[in-house]
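Residue-level listing of the chains:
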Amino acid sequence: MKDLLKLVISFVFLIWFIASIIFMILSAKTEGQGWLVPVSLGQFLFVFGALAFSITLSERKNGWWAGALGMFIGASAAVTGAVYHIGSDSLKDTLIAMIPVFVGIAMAIGGLSGVLITMRTHKKGLARYTTRIEGKCIELKKRAGKSHTLYSPVYEITLNNETKRLENDTYSSMDIPQVGEVRELFIDEADLEGYSEPRVDSKNRAFMLIIFRAFLVGGVIVSAVSISGLL
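To keep things clear, this report deals only with the structure shown in the data block. (Residues numbered from 1 in each chain as written. Predicted model: local features only at pLDDT ≥ 70, side-chain atom pairs only at ≥ 80, totals over all residues. Heavy atoms only, no water.)

## So, the layout of surface pockets
One way to see where empty space is left: roll a probe the size of a water molecule over the atoms.
1) Next: By volume, the largest pocket amounts to about 1200 Å³.
2) Next: Counting only elements with at least two residues in the lining of the largest pocket, the list comes to α4 (89–128), β2 (149–159), β5 (191–196) and α5 (198–230).
3) Next: Classifying every residue of the lining of the largest pocket gives 14 nonpolar, 12 polar and 7 charged.
4) Next: The calculated volume of the second largest pocket comes to roughly 260 Å³. (1 Å grid on protein atoms, 1.4 Å probe; cavity = no way out; pocket = protein on both sides within 12 Å on 5 of 7 lines; lining within 4 Å. Points joined across faces, edges and corners; volume = space filled by probe spheres on them. Helix = DSSP H or I, 4+ residues; strand = E, 2+ residues; numbered from the N terminus. Nonpolar A, V, L, I, M, F, W, Y, C, P; charged D, E, K, R; others polar.)

The following block contains the structure:
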């Protein structure tokens, strides 16, 4: 019964997905129906945001803020498109003037969410990786970035007189160790899937906080300036 239900839901979702795309294309090409494009796109983003939000919450993963932001943007686009179509000329002018405010709010929400998630991830890492140990870099896994190559070190440690291999899925271009270099690591002895490397983690964390705080401050400034201009 569950498999049948999943099949039906998947089929309905596929039909909705295809219909939404076709509807947006037809609306864009039909004279006088252009206002339906942001409405259709908004409900599209809202549904995908809701799915991402529910999945991250149910699986207790980070990244719920991305789904919430998608829902916010989707709802804003749909409501704006509908109100712009049925509203008066003065209301339309107000909506156009409010676009920078919406953008600023989205920037601020994204920046604040990023700061909170970064700090929470750091706090969870401190609680999980409590055993200090030295690791020797034996390999550098590579991944092509947009403008440069990213690396993920693989370390070899000795724990309880046994040689263990440590690796994670974090790729970076900051402070990459040389093969054969020994560095301070922190591990969870009960679970060697991953590790913490304070020397690199602190730099990555500082870099991410600078970016997210810039979005937060920029969003607040954009919103404040835009609102003051409307008053």
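Structure shown, so let's carry the discussion forward.
## Description of the side chain of N204
1) Next: Its location among the elements puts N204 in helix α5.
2) Next: Its relative accessible area of 18% is what places N204 among the buried residues.
3) Next: Look past the residues within four positions of N204 in its chain and what remains in contact with it is S172 and M174. (Buried < 20%, exposed > 50% of the residue type's maximum accessible area, 1.4 Å probe, protein only. Contact = heavy atoms within 4.5 Å.)

## With respect to the nonpolar core
A general trend in soluble globular proteins is that nonpolar side chains are found buried together.
1) Next: Judged by nonpolar contacts, I133, C137, Y155, I157, L159, L166, L185, I187 and Y195 together constitute the single largest core of 9 residues.
2) Next: Going through the elements one at a time, β1 (131–144), β2 and β4 (182–188) are the ones with two or more residues in this core. (Core = buried A, V, L, I, M, F, W, Y, C linked by side-chain atoms within 4.5 Å.)

## Some details on the packing of aromatic side chains
1) Next: Enumeration according to the criterion identifies 6 aromatic pairs in this entry.
2) Next: With centroids separated by 6.2 Å and ring planes inclined at 80°, the aromatic side chains of F17 and F48 adopt a geometry described as edge-to-face. Residue F17 is located in helix α1 (residues 2–29), and its partner F48 is located in helix α2 (residues 36–58); the two are separated by 31 residues in the primary sequence.
3) Next: Given a relative accessible area of 34%, F48 falls into the partly exposed group.
4) Next: A centroid spacing of 5.1 Å and a plane angle of 50° characterise the contact between F44 and F48, whose relative ring orientation is tilted. Residue F44 and its partner F48 are located together in helix α2, separated by 4 residues, close to a single helical turn.
5) Next: On the basis of relative accessible area, F44 is assigned to the buried category, the value being 14%.
6) Next: Sitting over the ring of Y171, R143 keeps its end group 4.0 Å from the ring centre. (Phe/Tyr/Trp six-rings, centres within 6.5 Å; stacked < 30°, edge-to-face > 60°. Lys NZ or Arg CZ within 6 Å of the ring centre and 35° of its normal.)

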